[in-house]
Amino acid sequence: MVVLLTDLQLKKYKHTGAPEYKSCGKVPGLIVRCFSSGAKTFYYRKRRDGKLVVIKIGEYPEMSLAEASQYASALSLLVPQGYSSKHLRTAICYSAIPSDIARYLTNDAIADNASSLEPEGRFAVTFGDVHMDWYEKDGKHRKHKAQARQHLSIPKNHFASIYNRPMVDLTIHDYVDALKDCWLNQQPTAKKASHILKAVCLSYAASNRDYIPAVSNAASFTELLRNRHGKPQSKVQKQPHIPHHKAPEFYSEFVEKRDSEAMSNIAAQVVMFTGKRVGEVVALRWDQLHEGVWYQEEYDGKTPDIYDIALTPRVLALIEDARKAGKGLRASNHYVFPSDNRSEGHITPDSVRVQTHKTSFGNKQSPHGWRHVMRGWGRHTGADPQVLEFALGHKEAGIAGHYGSHEVHDRTRKVLTQWEDYLTGEANG
């Protein structure tokens with residue numbers, strides 16, 4: 001059995017599998033609940049009159065092992081006196097130091113607040129507890145790793161003021177107030193937080209029939225944020241991109257000044273020609289390519305469907321250049337754009353970004369911005385907007401069902417060829 005006696009042991013311990021309680025520290029009854037995500041929560045456990053009393057103390061590393069030990073020592077004296085777990089948990093939430101627990105237990109307001117919550121023991125279930133349970137069951141099982149990381153970090157960062165408060169004590173106004181700063185300064189993150197909040201509330205309601213979810217609709221919650229706190233102070237910034245008529249000039253300068261055999265430069269050209277997301281390009285594997293088609297699997301990209309994209313002869317030639325450039329690298333048998341200095345085996349999206357910024361356009365053009373440039377070109381030339389959506393791999397109404405169609409492959413390959421000719425200047429030659 002793993003016993004975590006020091007802060008260093010607690011910091012280095014990595015748990016796998018289902019959440020488990022581990023003994024920690026040198027104070028009897030102090031335990032820590034460990035999650036496979038890396039999160040750790042301190043609890044104090046003690047039997048009183050044959051009944052097990054479990055009280056949440058705090059989250060690690062926000063609370064150190066030394067602080068948790070001090071709280072556990074204070075609780076070891078208070079639990080035998082007959083205080084309920086919900087009263088003790090309330091006092092911990094209000095106290096700044098362990099010695100304050102006893103003083104807050106005599107506070108009538110806290111006692112009234114705790115006694116109004118039924119049934120016994122529900123007060124110990126905090127928003128953080130429910131969030132972590134939801135994350136382990138559902139939140140981390142996402143096809144896109146970035147989304148799973150957001151599900152773990154956003155509530156901890158933006159609901160910090162209420163994260164350790166009892167779930168049943170929180171109203172929708174508590175959530176609105178907690179998210180005020182995020183709404184005014186990071187509106188996209190606030191909208192993601194509202195969807196996570198809805199999922200957490202509904203998850204708790206599913207196991208507690210008498211609990212009415214404070215938030216059951218993300219759209220209504222964001223509307224309440226807008227009504228209470230006003231419009232965000234800054235507009236959402238789109239990925240920087242140049243006008244489509246500047247694209248040929250950018251490409252011409254790029255190929256003249258960059259090493260044509262460098263892996264990141266080859267990947268950057270594939271991004272320019274296809275409009276694919278940089279993360280999907282650098283992670284392209286050889287087994288995803290077959291007879292001129294890129295088969296994008298559901299866990300490889302952002303679009304939550306299996307789809308495939310037709311590639312042009314020019315892009316296939318670049319991929320062959322990558323094969324020659326990667327020959328001899330240990331990851332070249334797996335990734336199209338291998339790297340010898342990364343555990344993932346392929347080059348980083350940042351390496352592509354750095355190369356695209358080494359032109360006279362600088363930060364005016366981002367790798368992701370080529371998606372916007374292609375759309376602008378398509379509108380100007382009258383290209384079929386739906387075919388462009390196919391090429392960009394967007395999940396739009398009526399499109400997902402057509403992925404894999406040979407007719408669609410021919411149409412997308414034709415439009416992408418026209419775009420390439422425009423970008424390279426061959427359309428005017």
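Located above this text is the structure these notes cover.
Analysis parameters
Residues numbered from 1 in each chain as written. Predicted model: local features only at pLDDT ≥ 70, side-chain atom pairs only at ≥ 80, totals over all residues. Heavy atoms only, no water. Helix = DSSP H or I, 4+ residues; strand = E, 2+ residues; numbered from the N terminus. Buried < 20%, exposed > 50% of the residue type's maximum accessible area, 1.4 Å probe, protein only. Contact = heavy atoms within 4.5 Å. Areas by Shrake-Rupley, 256 points an atom, 1.4 Å probe, with all protein chains shown as cover. 1 Å grid on protein atoms, 1.4 Å probe; cavity = no way out; pocket = protein on both sides within 12 Å on 5 of 7 lines; lining within 4 Å. Points joined across faces, edges and corners; volume = space filled by probe spheres on them. Nonpolar A, V, L, I, M, F, W, Y, C, P; charged D, E, K, R; others polar. Arc of directions from axis to C-beta. Pairing = 2+ DSSP bridges. Expected span 1.5 Å × (residues − 1).

Engineer: Which residues make up the overall build of the protein chain, and what are the values?
Structural biologist: Counting secondary structure elements, the protein chain contains 19 helices and 8 strands. Residues classed as buried in the protein chain amount to 48% of the 429 residues present. Expressed as a percentage of contacts within the protein chain between residues at least 6 apart in sequence, the contacts between residues at least 24 apart total 59%. Within the structure as shown, the protein chain displays about 21500 Å² of accessible surface, and the carbon and sulfur contribution to it stands at 50%.

Engineer: If you had to explain unusual backbone geometry to someone new, which residues and values would you point to?
Structural biologist: In this chain, tyrosine 60 is followed by proline 61 through a cis amide linkage whose omega measures 10 degrees. Within the fold, proline 61 resides in the loop between β5 (51–60) and α2 (65–78). The phi dihedral of glutamate 291 is positive, around 50 degrees, even though this residue is not glycine. Residue classification places glutamate 291 among the exposed positions, given a relative accessible area of 70%.

Engineer: Could you give an account of the layout of surface pockets, with specific residues and numbers?
Structural biologist: Space inside the second largest pocket adds up to approximately 410 Å³. Together, 19 residues line the second largest pocket, and Gly58, Glu59, Glu62, Ala160 and Asn164 are the ones closest to its centre. Counting only elements with at least two residues in the lining of the second largest pocket, the list comes to β5, α2 and α3 (85–94). Top contributing element to the lining of the second largest pocket by residue count: β5, with 4 residues. Classifying every residue of the lining of the second largest pocket by side-chain character gives 9 nonpolar, 4 polar and 6 charged.

Engineer: Describe helix α16 (residues 349–356), listing the residues and the values that go with them.
Structural biologist: Within the sequence span of α16, burial applies to Val352, Gln355 and Thr356. In a view along the axis of α16, the buried residues occupy a sector of 95 degrees, so they form one face of it. Check the buried side of α16 and you find it contacts α12 (247–257), α13 (263–274) and α14 (278–282).

Engineer: Talk me through the side chain of threonine 189; I want residue IDs and the actual numbers.
Structural biologist: Position of threonine 189 relative to the elements: it lies in helix α10 (residues 187–207). What makes threonine 189 buried here is its relative accessible area of 19%. Setting aside its immediate chain neighbours within four residues, threonine 189 contacts Ile154, His158 and Cys182.

Engineer: Describe the pairing of strand β7 (residues 293–296), listing the residues and the values that go with them.
Structural biologist: Pairing of strand β6 (residues 289–290) with β7 involves 2 bridges; the strand directions are antiparallel. Residue pairing across strands places leucine 289 opposite tryptophan 294, the latter belonging to β7. Hairpin connection between β6 and β7: a loop of 2 residues separates the two successive antiparallel strands, and glutamate 291 in this loop has a positive phi of roughly 50 degrees.

Engineer: Can you explain helix α15 (residues 313–325)? Please cite residues and give values.
Structural biologist: Between its terminal C-alpha atoms α15 stretches 18 Å, which fits the 18 Å expected from 13 residues at 1.5 Å a residue. For α15, the full list of buried residues reads Val315, Leu318, Ile319 and Ala322. Along the long axis of α15, the arc covered by the buried residues comes to 100 degrees, so they all point the same way. Facing away from the buried surface of α15 by more than 90 degrees, the exposed residues are Pro313 and Lys324.

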